[in-house]
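What follows is each chain in one-letter form.
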Amino acid sequence: MSHKGFLIAGNWKMHPDTLGEAKAVFASIARKAKSARKTVVVIAPPAPFIRDLGGKGGKAGKSGAKGNANGGRPGIVRMAAQDVSEHHSGAFTGSVSARELRSAGAEYAIIGHSERRAAGDTGEIVAKKAKQALEAGLRVILCVGETERDGHARYLQTVREQVHSVLSAIDKKLARWMTIAYEPVWAIGKSYDSAPKPQDIHEMSIYIRKTAAEVLGKKSGLDIPVLYGGSVDAENAKAILKDASIDGLLVGRESLDPKSFGNIIEYADSI
Ligand code: 13P
């Protein structure tokens, strides 16, 4: 049976330096996305580039979220914010709100990335950010993942707490706009053979869905889309997409390489 359609997301982090470079990489990815029949492509550029790269804009509070859990219609690259403020609005110099990002054209927001958690985002802050994003009409890609794999399976508890603290804080009616990205910190930014094996990712995806079901109930919990991220390249992406029972990928470095990211999109679309 062929797959119903993956979500392939690229997190550009703090790259590239200029809008010109961003446009060049984006144009090439957009061409690939256009020919995809069922793969939803999402790019999270640095916030100042969202509008210029083709964010459609949108009225804050009005969900741009339509279609299936993976993000609706393929063809156009959807824009994501890499983070949002935990506050609604106000005197928070330097912060950008979910509603502002939605208005600039973001349809998704990455929340709880390990690089933000390392910079001080606690579980409580991550939950507030997820709430702000959902209430502004953004789809949330919630990142969870352990820093290391200990021999006593304590890492499972870490992931469980990360999932629980957000899902129990949000309005259950908005849970259908949530996707969870499993990004083990030990596999981020490493060599491409450091990514976990598809079987390990498969087991974790089941664990995440079961954990989500504890909070959301069986139906919504077991259906929650799960992505994998951490040292994905065009090679290991194939086995992960084919064998790990996940709904897509969250790609870092390789999403700035249009050829490699294009190959990942093409492969996802062919399964
Ligand atoms: P890399 O693909 O560079 O390991 O980064 C993964 C990541 O952090 C995506 O959010």
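These numbers were taken from a predicted model, which means no experiment stands behind them.

**Comments concerning the site of the ligand**
Item 1. Surrounding the ligand, one finds Asn11, Lys13, His113, Glu183, Ile188, Gly189, Gly230, Ser231, Leu250, Gly252 and Arg253.
Item 2. In the model, an oxygen atom of the ligand is placed 3.0 Å from a nitrogen or oxygen of the Asn11 side chain.
Item 3. One nitrogen or oxygen atom from the side chain of His113 is found 2.8 Å from an oxygen atom belonging to the ligand.
Item 4. Summarising the interface, the protein chains cover 99% of the accessible area of the ligand, which totals 310 Å² for the free molecule.

**Looking at the pairing of strand 5 (residues 139–144)**
Item 1. Buried residues dominate strand 5, accounting for six of its six residues.
Item 2. Residues Arg139, Ile141 and Cys143 point to one face of strand 5 and Val140, Leu142 and Val144 to the other, with burial holding for every one of them.
Item 3. In terms of strand pairing, strand 4 (residues 108–111) meets strand 5 through four bridges, oriented parallel. Across the sheet, the residue bridging to Ile111 is Leu142, located in strand 5.
Item 4. As paired elements, strand 5 and strand 6 (residues 178–182) share five bridges and run parallel to each other. Each bridged residue has a counterpart across the sheet, and for Leu142 the counterpart in strand 6 is Ile180.
Item 5. For the segment spanning strand 5, helix 5 (residues 154–167) and strand 6, crossover handedness is right-handed.

**Let's talk about the nonpolar core**
Item 1. In terms of nonpolar packing, the biggest core is built from 70 residues, with Tyr228 and Leu249 touching the most fellow members.
Item 2. The biggest single contributor to this core is helix 6 (residues 198–216), with six residues.
Item 3. Setting aside anything within four residues of it in sequence, one finds Leu249 in contact with Leu7, Ile8, Ala9, Leu227, Tyr228, Val232, Ala237, Ile240, Leu241 and Ile264.
Item 4. Residues Leu7, Ala9, Ile110 and Leu250 belong to the second largest nonpolar core, which totals 13 residues.

**Re the side chain of Asp233**
Item 1. Note on placement: Asp233 falls in the loop between strand 7 (226–229) and helix 8 (236–243).
Item 2. Among buried Asp, Glu, Lys and Arg side chains, Asp233 stands out as unpaired, with Arg253 the closest opposite charge at 8.5 Å.
Item 3. Leave out the neighbours within four places in its chain, and Asp233 touches Tyr192, Glu254 and Ile264.

**Details of the packing of aromatic side chains**
Item 1. Under the definition given, this model contains one aromatic pair.
Item 2. For the ring pair Tyr182 and Tyr228, a centre distance of 6.3 Å and an interplane angle of 55° mean the geometry is tilted. Here Tyr228 lies in strand 7 and Tyr182 lies in strand 6, a separation of 46 residues in the sequence. Across the pair, Tyr228 and Tyr182 agree in class, each one buried.

**Topic: the sheet that holds strand 5**
Item 1. Spatial strand order, 1-2-3-4-5-6-7-8: eight strands in a closed barrel with parallel pairing. With strand direction ignored, the average angle separating the axes of adjacent strands in the sheet is 25°.
Item 2. Here helix 4 (residues 123–135) sits on the sheet in contact with strand 4, strand 5 and strand 6, set at roughly 175° to strand 4.
Item 3. Seen against the sheet, helix 9 (residues 258–270) touches strand 1 (7–11), strand 2 (40–44) and strand 8 (248–251) and runs at an angle of roughly 165° to strand 1.

**What about helix 5?**
Item 1. Across its 14 residues, helix 5 extends 20 Å between first and last C-alpha, which sits within 8% of the 20 Å expected from 1.5 Å per residue.
Item 2. Every buried residue of helix 5 is accounted for by Tyr155, Val159, Gln162, Val163, Val166 and Leu167. All buried residues of helix 5 fall inside an arc of 115° around its axis, so they share one side.
Item 3. Each element contacted by the buried residues of helix 5 is listed here: helix 3 (114–118), helix 4, strand 5, strand 6 and helix 6.

**Quick look at the pattern of salt bridges**
Item 1. A full pass over the atoms with the stated rule returns 14 salt bridges.
Item 2. Between Glu146 and Arg149 there is a salt bridge, with the nearest N and O atoms lying 3.0 Å from each other.
Item 3. Glu146 sits in the buried class, given a relative accessible area of 1%.
Item 4. Lys219 is paired through a salt bridge with Asp223; the nearest N and O atoms lie 2.5 Å apart.

**Side note on the layout of surface pockets**
Item 1. Quantified by volume, the largest pocket comes out at close to 420 Å³.
Item 2. In terms of lining residues, the largest pocket is bounded by 22 residues, among which Gln82, Asp83, Val84, Arg116 and Lys129 are the most central.
Item 3. Here the residues of the lining of the largest pocket sort into nine nonpolar, seven polar and six charged.

Quick notes on the rules
Residues numbered from 1 in each chain as written. Predicted model: local features only at pLDDT ≥ 70, side-chain atom pairs only at ≥ 80, totals over all residues. Heavy atoms only, no water. Near = heavy atom within 4 Å. Polar contact = N/O pair within 3.5 Å; in protein donor to acceptor, adjacent residues only side chain to side chain. Areas by Shrake-Rupley, 256 points an atom, 1.4 Å probe, with all protein chains shown as cover. Buried < 20%, exposed > 50% of the residue type's maximum accessible area, 1.4 Å probe, protein only. Helix = DSSP H or I, 4+ residues; strand = E, 2+ residues; numbered from the N terminus. Pairing = 2+ DSSP bridges. Right-handed = clockwise from strand over helix to strand, strands pointing away. Core = buried A, V, L, I, M, F, W, Y, C linked by side-chain atoms within 4.5 Å. Contact = heavy atoms within 4.5 Å. Lys, Arg positive; Asp, Glu negative; His and termini not counted. Salt bridge = Lys/Arg side-chain N within 4 Å of Asp/Glu carboxyl O. Phe/Tyr/Trp six-rings, centres within 6.5 Å; stacked < 30°, edge-to-face > 60°. Axes fitted to C-alpha atoms, helices over the stretch in contact; angles between N-to-C directions. Expected span 1.5 Å × (residues − 1). Arc of directions from axis to C-beta. 1 Å grid on protein atoms, 1.4 Å probe; cavity = no way out; pocket = protein on both sides within 12 Å on 5 of 7 lines; lining within 4 Å. Points joined across faces, edges and corners; volume = space filled by probe spheres on them. Nonpolar A, V, L, I, M, F, W, Y, C, P; charged D, E, K, R; others polar.

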